[in-house]
Amino acid sequence: MSSFMTKTLKLMAGLAVVFTLANSVHAVASEGFKEPEDHHFTFEGPFGSFDQAQLQRGYKVYREVCAACHGMHLMSFRNLGQKGGPFYDPKYKNPNENPIVKQIASEYDIAEIDPDTGDEITRKGTTSDRFPSPFKNDEAAKASNSGAIPPDLSVITKAREGGANYVASMLAGFQPAPEGLTVADTQHYNPYVHGALATSWKGDPHKVPLGGVLAMPPPLAADKVTYDDGTKATVKQEAQDVAAFLEWAGDPHATERKQMGVSVILFLLLMAGITYGAYRQVWRGKH
Amino acid sequence: MSDHSSTYEPKTGIEKWLDARLPIVRLAHDSFVDYPTPKNLNYWWTFGGILSLCLGVQILTGVILAMHYTANADLAFDSVERIMRDVNYGWLMRYVHANGASMFFFAVYIHMFRGLYYGSYKAPREVLWLLGCIIYFLMIATAFMGYVLPWGQMSYYGAVVITNLIGAIPVVGPSILTWLQGGFAVDNPTLNRFFSLHYLLPFVIAGVVILHIWALHVVGQNNPTGVEIKSKEDTLPFTPYATVKDGLAMIFFLIVFAAFVFFAPDAMGHADNYIKANPLQTPAHIVPEWYMLPFYAILRAWTFDLGPIPAKLIGVILMFGAIALIFALPWLDTSKVKSMRYRPVMRWFFVLFVITCLGLGWCGGQLPTQMVFSIGEDSHGNPIGLSVAILSLMMTAYYFAFFLLIMPWVGLKEDPLPVPASISEAVLAEHNKKKG
């Protein structure tokens, strides 16, 4: 009779596959955005890890391009030098002693209250300071960005479906709006963005263009940054590098997590083997 | 079982001393060492132990997370991220806790479907089943409130949607809603009370689990044949037989659990919950966690008003009714045979019921207006075919029919297969079949 349960399970598994397939086909047809490209990042998969040179390049893109409008309020300068970070150096286990990190922090002016007078002052940044925000408050952010608040980028790859692949595809994917699509002057068309364009589309209602609009103008251009390691700064390269940096920033313990996972699973498999042996021994002749 | 006399013999002086004052070692010995279990239990029976493990893991990681979490609408989101970044192994605690909730529900659903298939709710196990239903209901409440705590977009809008269900109750609904939310909208007071209750309820669950296990040990375990234990031949002592089998199943369960925690920790979550809650910006698509999706589909299945009764109220009644029916199950099933192994008709309805529950789960994750498939278009260019809303309604109808019509009716009409005289006879027959 147990074969009945087995058959049933197989049947249900089959149905689940059909459902999933039907669903995925459907998602492409109705959600109306271009699926992100696969950028084959080094950190993908259970054994993947971050490419430190790429993280350094990505930080440079963030600092010189994105940081003009986007904060990363969960990040401190010390994070840049922690294990797995862009400027980690095994010589400086304590990231607060890392000279590159100290140098970066000191290049920023940090707002503070003078403890003696109560006046608003600025001082040189230290490794324990957070990345300063580009705007004083949300109102100032809106005023400078035609009413939109540039989102904080601390966990942006986790906060977008498609993760780093989406971020890289979107950053490199700006296109002129298709003929027949009304786009306001302050908006910019991008096929990877999740949006509904049916109401601003004048053409065939069956051929509404994929994608949506953003208040952000195309931020990247070839040679917008000069990489210290001599890598050619194409738009795609910059987009991938900054997406990798943002992925690391959103999940700084990812590499440690995966390494621990391998050990944990190997341990559990070993335990399973031993327990299975014990099980056979105990149940011998009982069933 | 309760008529099973204790075989515990205190050997050392301290054991004798304690046994005369508080026989707690005797209780443990009788419950987890010498307790007789049916010898034919299959792996579907290991999920009870797995569920105890899940509860333990959730309480342990939860207590640690609460040491670092800040229950304040302005600070909660960042405090969770601080746990992920700066607390030693905080990422591990949080990912275990978040994925642990999913694993807990995965296990409880298997446990419930097992009970349903093998008739574990039938006399004399009605109270055991009811206690299990109470645990499940408390789990839903706890998981829902826990999901609100990170104060992301889905947390916030999930809380808005679910608390607003109460507002659908006529006359008193709006007042109760304000009382529940602690104001006129989901805000800081809501978060604070959810945190308080989220910390309290797991201990209530633990208490009901003790009652559940007590009730189990009074009536004894059911088994795949559904035939009660008749003699000592039918049983094996809990230790080592059940312990080693449960242990093996737990390890395999932990492997799946670990695969999620370490390699796909956000696979069961939603990207929008990494965006801090913003009351002014509703997400395009509000969905609960996967384990609530079938009930969410039932809630949205009814789309039109019925005379003076608004559609929303009907949805709420249907959703709570769907849960209430699980409680009523022992009195809806009229069959004299427990196990569906010997119920050739009913088991096909059972299979369809499982598929319906999975299908409702799928529908719960889709927009109701989406099409499952379309066969053409009407003159306005709208697709004609099966929409998610209609499919949800059909499957909701089957869900209710399964409990209210099929259970009572098939039980009376069905010709069950011959049931073995005893568990050991069934085991022997199985053994001979394998050999020959």
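Everything below is about the structure shown above.
Residues numbered from 1 in each chain as written. Chains lettered and ligands numbered in written order. Predicted model: local features only at pLDDT ≥ 70, side-chain atom pairs only at ≥ 80, totals over all residues.

Observations concerning the overall build of chain A
The helix and strand tally for chain A stands at seven helices and four strands. Counting helices and strands in the order they occur from the N terminus, chain A gives α-α-α-β-β-α-α-β-β-α-α. For chain A, the proportion of its 287 residues judged to be buried stands at 29%. A separation threshold of at least 6 residues defines the contact pool for chain A, and within that pool the share at least 24 residues apart is 60%. (Helix = DSSP H or I, 4+ residues; strand = E, 2+ residues; numbered from the N terminus. Buried ≥ 20, exposed ≤ 12 C-beta atoms within 10 Å, placed from the backbone. Contact = placed C-beta atoms within 7 Å.)

Let's talk about the interface of chain A and chain B
Accessible area lost on assembly of the parts is the figure often given for the size of an interface. Contact with chain A, which involves 37 residues of that partner, is made by 34 residues of chain B. Elements with a contribution of two residues or more to the side of chain A that touches chain B: helix 1 (2–31) and helix 7 (254–283) of chain A. Looking at the side of chain A that touches chain B, the element that brings in the most residues is helix 7 of chain A, giving 15 residues. Of the residues in the side of chain A that touches chain B, the class split is 23 nonpolar, eight polar and six charged. (Nonpolar A, V, L, I, M, F, W, Y, C, P; charged D, E, K, R; others polar.)

Points about the pairing of strand 1 (residues 109–113) of chain A
Residue and element names in this part refer to chain A. Little of strand 1 is tucked away, with zero of its five residues classed as buried. One ladder, built from five bridges, connects strand 1 with strand 2 (residues 120–124); its direction is antiparallel. Bridge pairing links alanine 111 to threonine 122 in strand 2. (Pairing = 2+ DSSP bridges.)

Concerning the environment of Glu256(A)
Residues and elements named next belong to chain A. For glutamate 256, the position within the fold is in helix 7. A tally of 15 C-beta atoms within 10 Å means that glutamate 256 is categorised as partly exposed. Put simply, glutamate 256 and lysine 83 are 173 residues apart on the chain and 9.0 Å apart in space, counted from C-alpha to C-alpha.

Points about the packing of helix 5 (residues 90–117) of chain B against helix 6 (residues 126–148) of chain B
Residue and element names in this part refer to chain B. Interhelical geometry of helix 5 versus helix 6 gives an angle of 160° and a closest axis separation of 11 Å. Comparing their axes, helix 6 and helix 5 come out roughly antiparallel. Two packed elements cross with a definite hand, and for helix 5 against helix 6 that hand is left-handed. For the pair formed by helix 5 and helix 6, the contact residues are Ala101, Phe104, Val108, Met112 and Gly115 on the first element and Trp129, Tyr136, Met139, Ala143 and Gly146 on the second. Of the residues that constitute the contact of helix 5 with helix 6, the class distribution is eight nonpolar, two polar and no charged. (Axes fitted to C-alpha atoms, helices over the stretch in contact; angles between N-to-C directions. Parallel < 35°, antiparallel > 145°, perpendicular 65-115°, else oblique. Left-handed = near helix turned anticlockwise from the far one by under 90°.)

A look at the nonpolar core
Of all hydrophobic cores here, the largest spans 64 residues; its most connected members are Ile50(B), Phe104(B) and Ala107(B). Sorting the residues of this core by element identifies helix 3 (47–68), helix 4 (76–85), helix 5, helix 6, helix 7 (153–166), helix 9 (188–219) and helix 10 (238–263) of chain B as the ones contributing at least two each. Here this core takes 15 residues from helix 5 of chain B, the largest share from any one element. Look past the residues within four positions of Phe104(B) in its chain and what remains in contact with it is Cys54(B), Gln58(B) and Met139(B). Within the second largest apolar cluster, 43 residues are counted, among which are Val155(A), Tyr166(A), Tyr192(A) and Val242(A). (Core = buried A, V, L, I, M, F, W, Y, C linked by C-beta atoms within 7 Å.)

Brief notes about the packing of helix 7 of chain B against helix 8 (residues 173–181) of chain B
All names here are of chain B. One can describe the packing of helix 7 onto helix 8 by two numbers: an axis separation of 7 Å at closest approach and a directional angle of 140°. Accordingly, the angle class assigned to the pair helix 7 and helix 8 is oblique. Facing Thr163, Asn164 and Ile166 of helix 7, the residues of helix 8 in contact are Gly173, Ile176, Leu177, Leu180 and Gln181. Its residues placed into classes, the contact of helix 7 with helix 8 shows four nonpolar, four polar and no charged.

Everything listed is a geometric property; what it means functionally is a separate question.
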